[in-house]
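# Architecture and fold: a report
Letter by letter, the chains look like this.
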Amino acid sequence: METDFGAFSTPPFLTESLELAMEVEEMENSRPSCFSCAFDNQNGGRRFSAESYLASGSLKRVLLRLDPSPNDYEENTVELFGFQWVTEMALAESCEFLFGLLRQQIHRLENLVQMSSSDFGHAARFHSEAESIRHQCLKFLHYVKVFIFRYLEPPKMENDGMLHPYEELEAQLPSVLVEELHALTVHIGHICELPSNVLAAFTIQNQAKVFPPSWHLLHLHLDINWLILEVLHVLGEKLMRQVVYANHFINLTGENLTNISLFEKHCENLISDLISLAINRYTKVRPSEALTSSHCPCTCIKEMWVLLIQLLDHRNKGSETECFWNLVNKALKNFFEQPSTSENVSGFETVQCKDPLSFSWWIMSHLAPLYLFDRNGNIDEKKESNWKFVEELLKKSTDAQAGVLEEHLRMHLQCCLALCSFWNLNLSIVTILWDYYSKNLNSCFTVPWLGLKDLANVSKTSLSMLGLVKRCCCEQQIPSLYKSSNSYFIFLSILAQIMKEENNGVHPWKQIKGRIYSKFHRKRMQELTEVGLHNFFNLFLMLAIVAETEDIVSRVFDLLDFLTPSSITMSRRALIWRGHFAFLLIYVEKNMDISVLAEKISNAFCEKAKKFLVSKNDYTQRQNLWTLLSTYIDGVQEVFETSCYLSLSEEKLLNDGFTMLLPACRGAELSMVLNFLQVVLARLRSVHERVSQGLPVGNTAPDIQLPLVAKEHHLAVASALWRNFFPYLKSQRMSQTPPSPQLADTAAGFTLLALDIPSKALSDLQPQPVLSMMRLFGWDDMVWPQLVSRYLSHLIQNSSLCEAFSSMGYTSYEALTVRSWFRCVLQMFLDQPSGALAKTDAERTVGKSYMEQLTEMTRLIFKLSEVENILLKADVGESVFKQDPKNALVQFIKAVGKTYSGLQTLPEKSAMVAKTLEYLGDVLKYVKPYLKAKGPPEGLQLTYWIIGCLVKFCAPILATSKAQQLLFRIVDCLLLPHSVLQQDKELPVALLSAIQESLPFYLQGLSFICCQSQTQGAYLNQLLGSIIRHYFGRFLPSSPTVPGAGQHPLLTALGSSISAPQLLRLRKTTLHVISENYLQFKGNAPPPRLASILAFILEVLQRSQSIELCDIDLVLPAVLKCLLLVNELQVKKISTDIVQYMVEGCQAGSGGEHATQLTSVFRQFIQDYTAVYDHRVFSILQTVAVLDQTLVTSLIPTITQSLMDSEHKQGLGRNVAQRLDFYFILFFDNE
C-alpha cells in the first residue's frame, strides 16, 4: 500500500526527470538542437525534425530544470569559434568577447549570402561553409545555457571580505549576459525585416540536400531568437527567479533593463514577427481556403509557435509572465488598433493587412490546434481556450455597422466552428450569433461569385431539408463548409455542437431556450419571408434533433398558427408541409408515435386533393395544387422508407384523400403516385416479413413487445392501401389506351400483399384474393397485353405464389399463365396503327419497351415446370431462351407437337390435347382485332405465321375430335373468310402477303390431318381443296416470266420435307383442283394464264422424285389437249416438257401400272381427237415416239382403228394424208 501511495504521490515532473535522466544519448559528436525543416516526414511518423527543440527533448529539459546538454561540454576545454576555452570559466572571463565573436560569425554568414546570390557555381561549398558557421553559433549559445546551469552560482550574501577576481567576474556575469543578449536582439533585428532573398528561403522544399546560405541564415535567426528566451529562462531559474539588472543600460524612460523585461520584450517582438510572417501569407489566402491554408511557411515556424506556447504557459503557472493567448491578443491589437502615441510598442512599423478581422480569425483557428502538441512535439489532449478574445472578434463580425460580407462571415464562422472543436463549451458565442441571425432570418446568406454552388442549401424535399440540418449535428469536414453551407448553417453547426455538451450537468438547451423562443412572436412570424421561413425550420429542426423534440415541435406549430392564411402563398404552404414532414421524420428516427402530427397534415392533404379533383380544367390552379400534393406524396414516401417497423401510426398518412387524387391525375402525376404506391407496398411487405420472422429491421435493437404492435399497424396500413388505392387500380385495367407500366407493377405489388396479408383484401376479392387478382390482371383476355406481360413477369417465379396455388389445389396456374403469354406475343402489335404511316419515335420506344418486357416474360415462362417438362421431352435446348418471343413461341409450339407425337397411351394423349387447348384458349379471339382492322401488317404477318405453325406442328393434336372444332374455326376465320370467297374482290395487300407467306404451313398441316382423320376425312379433303382452289389463282402470276412474283405458296408446301402420305394427299388434291378449275377449255378457247398454270405443274413434277398415277390421270389429258389446241409457243414448249417428263418418269417407274395408265390416257386422246385433228395428233405421237417407242408401238392398233373409223366416216376411201402421217409414225417406231 505504501508503494502504491508513493507512486501516486510522486510529482509528475519528477517522473519525467527520471525518464530523461535514463535516456541513452551516446552520440559523441551530437549536433545541438536547432530548427530544421530538412527532414523526412516518413521517419517514424515524426511531425518535427529529430534535431528540433521539441523532438530532441531540449525544451523538456529546460522546463524541468535539467542539464540542457548532459552529454556535451564534459571536457576541461571547449572549442568556441576556433579557439580553445576553459569550459568552467570561459563565459565568466570573456563574455563580451565571445558574444562579439558570435556577432562576427553572423556577419560572415550575411556576407556569404550576398556572395552566393551572384555565384551559383559553388553551391556545395557555400552550403558547407554556411552550415559550419551556423553550427558554431548554435554551439556557443547552447554552451551559454550549459554554463549557466552547471557553473553559475547564485549570488551569496555580501560580506566585508575581499572577493577573488573570478568571483567578481562571476557575480557580474548575469548582468553582463542580460546586456549582451539585449545587444544580440538589437543586432539581429526582426525576422520579418530580413531581406526578401533571405525570407524566400522558406519556400525551399524539405527534400533538398544542399541549402543556400540564405536558408542557413534564416534558420539561424530563428535559433537565436528562441535560444535567447531559453538562456533568459535558464538564467532566471538558476538565480531562483531573482531580478537581474543590466548595469550599463537605461532606456529613454529611465527604466532599467532586467532579465524579466528583456524576456517579455523579446517574446512580444517574436510573436509580432511570427504574426507579420503570417500576414504576408494571408495576403494570398482566399476566404474559401482559410482553414486549409497554413499560417506557417515551414515546420520551423510551427515549432516556434509550439515552443512559445509551452514556455509561456509554463512560466505563467508561476506568475512570471503572461500566458501565450494574452500576448497573442495584445500583439493582434497592437497590429490592427493604431496607438494614439507615436511610440510603436512592437518596435517596427505596423504591417499592412487589408482585412484585420478575417486575419485575426484565421490566425486564431490555426494557433488553437497547436495546443494539442506537448513539450515533446507529440499530440496531447490539452485545451486552453481564448474565448474572451474570440467573443470580441465575433461581435465585430456580426456588427451591423461593420457590414461584414457573407463571403467573409462564412470564413469567420468556419474558424469559430473549428475553435469549438478544440475548446470547451461557451454559451456566450451562441448568444452573440443568435442576436445577429434572429434579426436577419429573411436573408439568403449567398455569395454572388459562387453561382449555382451556393444553391446547395435549397431543399426540395423534407428528407433533403432534414439531411442538411442533420449534417449540422454531426462531425463535418469543416474546410469544405464554405462552399457547401452558408453562414447560417455554420451557425447552426456551432449551436448543435454546443448543444451536445453539458455544462456542469445542465443541458445547454435549458440555458438558451428562453433566448431563442423570445425572438419569435406573432409580428415576427408574419414578417418572415419564404427564405425566413426556411431558416426558421432549419433552426427548429436542428433543435428538435439535439434537444427536447416534443416540446420544440409543439412550439413550432404554435408559432406557425400566427401566420394568417391569406399571407401563405402556395410555395410557402409547400415549404410548411416539407417542414412538417421533416419533423415527422425526426419522430420516426426517434421511434416516437406520429399519429397527432400525421392527422394534422393528412387532413390538410385531403382538402387539397378534393380541390384538385374539382379543378380539372383550371391549369394554373391544378399546377399550384400539385405542388402541394406532390410535396405530401414525397413526404409520406420518405416516412415509410425511414420507419424501421412501420409501427408508429404511419397508416394515418394514407387517408381517403388518395381516392379523390387518383382519378384526377394525368400522365406524370399518375406516374408519380403509382411509383409512390409501389414503394409503400414493397416497404410494407418487407417490414412485415421481417417482423413475422422475428428478424430485426435496420439497426434497431430487438423488442419483445414490438412484433405484436407492429403487426397491428401493418394490418391498418394494408387496409388503407386496399381501401384507398385499389379501386382506382382495378378500374384502369381495361382503359381505352395502353396503361402505364407502373399500373402493372402496382397490381403485382397488391397481389403479393394479398399473399402476405390476405385478410385485409377487399370483400369482392375474398375468399381467395390472390386467385382473384390473377384473374383480374393476369388471365383476363380483355386486359391489355402490355399490362399482363409486365404483371406476370413480377409473379411467375415467385415461389410463395406457386405454393399458394398448390395449396389451393388450383392446377391450371401454369397453363393459364402460358395462355396469357401466348396472347401477349400474338397481340404485340395491337396498339400500332393499321395504316402505312411511319411510326413516331414514341411508338418505336413503346414497341421496344414492350419487346424487352416480352423477352423477359418469355425467359420466365420457359422456367415453369410444365414448360420445362415439355421442352425436355422434345429435346429443345436452352438456346430457345435467347430467341425473341415470336421465335420462342414457335419453338414451344413445335415442342408441344413433338411431345404429343412421342406419347404412347391414349390417356396421355387425351390429357395432352386438353392441356394444349388450355394453353391456346380462344386463340382466334386474340387475333380478331388484326383481322377486323386488316392491319397493321406486322400483326397480320405474326397472326398467320404463329397459327400456321400451330396447324403444321400440332396437326396430330388438331386431328383429334376435341381439337377439330378449333381447326375448323381457324380455317373459317383465317383462310376462308367471306372476303376470300368473293373471287372478284381484291384482298388488302397486307392480308394477302401474310397469307402467302404462311399458307404452306396450313396446307401441310391440313394434308396431315386429312390422312389421320377417320371421321371427318371427306369434309377435311373438301376443305383442303377449297383452300387450294381459292388461293391457287390469287397467287398465280400472269405469265411464268413475271419478275418479283416469288414462289407460289403451293409449290413451297409441296417442296417441303413432309411425309410421303402428306405429300401425296396434298399433291393429288392440288392437281385435282387445278385440273377441275384452271385447265378447263371453254370450247376451243384455252383457260386464262395457261402458261403459268402449266409452268406450275411442270415445277411440281420436277420437284417430285417420281410420277404418280394421279399425275397421269389428272394432268396429262389436259396437257395433251393444250398441245393439240393451243398454238402459243410458250404453252407448247411447257406442255411438251410436261409430256416428256411424264413419259420418261413412267419409263423409270418400277411397275407396269404407270405405263398401262399412260397408254390408256394416250389411247383415249387418240380416240377423241384423231377424227378432227389427225395431223396434230400424229405430230404429237411422232414426238412421243422419240421418247418411248414401246408406248407408241402399243398404241398402233388404236391409231389404225381410229384411222379406219375416220375414213369410214368420211366415206371417201383412203385418206392419203392421214396414212402418210401414220407411215411416219411407223417409220420412227421402226427406227
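For the structure, see preceding data.
These remarks concern the structure in this document. Keep in mind the model is a prediction, meaning the values are calculated, not measured. (Residues numbered from 1 in each chain as written. Predicted model: local features only at pLDDT ≥ 70, side-chain atom pairs only at ≥ 80, totals over all residues. Heavy atoms only, no water.)

### Things to note about the pattern of salt bridges
Spelled out, the test is: A side-chain nitrogen of Lys or Arg and a carboxyl oxygen of Asp or Glu constitute a salt bridge if their distance falls within 4 Å. Only DSSP runs of H or I reaching four residues or more are called helices, and only runs of E reaching two or more are called strands; each is numbered from the N terminus. Throughout, exposure labels follow a simple rule: accessible area from a 1.4 Å probe, protein chains only, divided by the maximum for the residue type, with under 20% read as buried, over 50% as exposed, and the rest as partly exposed.
A complete count under the given rule lists 31 salt bridges for this structure. The closest approach of N and O atoms between Arg-65 and Glu-237, which form a salt bridge, is 2.8 Å. Linking Arg-65 in the loop between helix 3 (58–63) and strand 1 (77–80) with Glu-237 in helix 9 (residues 213–238), this pair joins segments that are 172 residues apart in sequence. Given the relative accessible area of 52%, Arg-65 is considered exposed.

### A few points about the environment of Tyr-791
Positionally, Tyr-791 belongs in helix 33 (residues 785–795). Between the C-alpha atom of Tyr-791 and that of Leu-743, which follows or precedes it by 48 residues, the distance is 8.5 Å.

### Observations concerning empty space enclosed by the protein
Which entries qualify depends on this criterion: Definitions used throughout: a 1 Å grid over protein atoms alone; a cavity as a set of points that fits a 1.4 Å probe which cannot get out; a pocket as an open set with protein on both sides within 12 Å along at least five of seven lines; a lining residue as one with an atom within 4 Å of a point. Grid points are joined across faces, edges and corners, and a volume is the space filled by probe spheres set on the points.
Considering all chains together, one arrives at two cavities of 30 Å³ or more under this definition. Empty space within the second largest cavity amounts to approximately 40 Å³. Taken together, Phe-822, Phe-892, Ile-893, Val-896, Thr-916, Tyr-919, Leu-920, Leu-950 and Cys-954 make up the full set of residues lining the second largest cavity. Among the elements of the structure, helix 38 (885–901) and helix 39 (906–920) are those that each provide at least two residues to the lining of the second largest cavity.

### Side note on the environment of Glu-918
Where we set the bar: For this analysis, residues touch if any pair of their heavy atoms sits within 4.5 Å.
Among the structural elements, Glu-918 can be located in helix 39. As for Glu-918 and Arg-819, which are separated by 99 residues in sequence, their C-alpha atoms are 7.1 Å apart. Ignoring sequence-local partners within four residues, the contact set of Glu-918 consists of Ser-812, Ala-815 and Arg-819.

### As for helix 13 (residues 356–367)
The test is simple: For a helix, the expected span equals 1.5 Å multiplied by the residue count minus one.
Under the 1.5 Å per step criterion, the end-to-end length of helix 13 is 16 Å for 12 residues, consistent within 8% with the ideal 16 Å. Most of helix 13 sits inside the fold, with 11 of its 12 residues counted as buried. Every buried residue belonging to helix 13 is among Leu-357, Ser-358, Phe-359, Ser-360, Trp-361, Trp-362, Ile-363, Met-364, Ser-365, His-366 and Leu-367, and all of these are buried. Summarising the contacts, the buried residues of helix 13 are in contact with helix 10 (259–282), helix 11 (299–317), helix 12 (324–336), helix 14 (387–397) and helix 15 (406–422).

### Structural notes on helix 5 (residues 95–116)
Heads up, the rule is: Relevant arc is that of directions from the helix axis to the C-beta atoms, nothing else.
With 22 residues, helix 5 should reach 32 Å at 1.5 Å per residue; the first-to-last C-alpha distance of 32 Å fits that figure. Every buried residue of helix 5 is accounted for by Cys-95, Leu-98, Phe-99, Leu-101, Leu-102, Gln-105, Ile-106, Leu-109, Leu-112, Val-113 and Ser-116. Seen along its axis, helix 5 keeps its buried residues to an arc of 155 degrees; they face one direction.

### Observations regarding the packing of aromatic side chains
The test is simple: Under the pairing criterion, centres of Phe, Tyr and Trp rings, with the six-membered ring standing for Trp, must be within 6.5 Å; the plane angle then separates stacked pairs below 30 degrees from edge-to-face pairs above 60, leaving the rest tilted. Whether a charge lies above a ring is judged from NZ of Lys or CZ of Arg, which has to be within 6 Å of the ring centre and within 35 degrees of the ring normal.
Considering all chains together, one arrives at 67 aromatic pairs under this definition. Centroid distance Phe-520 to Phe-540: 5.4 Å. Interplanar angle 55 degrees. Geometry classified as tilted. Of the two residues, Phe-520 is situated in the loop between helix 20 (508–517) and helix 21 (522–527) and Phe-540 in helix 22 (residues 530–546); the sequence distance between them amounts to 20 residues. With respect to class, Phe-520 is no different from Phe-540; both count as buried. Above the face of the Phe-149 ring, Lys-238 is positioned so that its terminal group lies 5.6 Å from the ring centre. When the ring centre of Tyr-900 is taken as reference, the NZ or CZ atom of Lys-909 above it lies at 5.8 Å.

### Brief notes about the pairing of strand 1
Rule in force here: Paired strands, as defined in this entry, are two strands with at least two bridges between them according to DSSP.
Burial along strand 1 is one-sided: the face carrying Val-78 and Leu-80 is buried and the face carrying Thr-77 and Glu-79 is not. Where strand 1 and strand 2 (residues 83–86) come together, four bridges link them in antiparallel fashion. Bridge pairing links Val-78 to Trp-85 in strand 2. Between strand 1 and the antiparallel strand that follows it, strand 2, lie two residues; Phe-81 among them carries a positive phi value of about 55 degrees.

### What to know about the environment of Leu-1114
Its place among the elements puts Leu-1114 in helix 50 (residues 1109–1114). Judged by relative accessible area, Leu-1114 falls into the buried class, the value being 17%. In contact with Leu-1114, other than residues within four places in its own chain, are Lys-1068, Leu-1071, His-1072 and Ser-1075.

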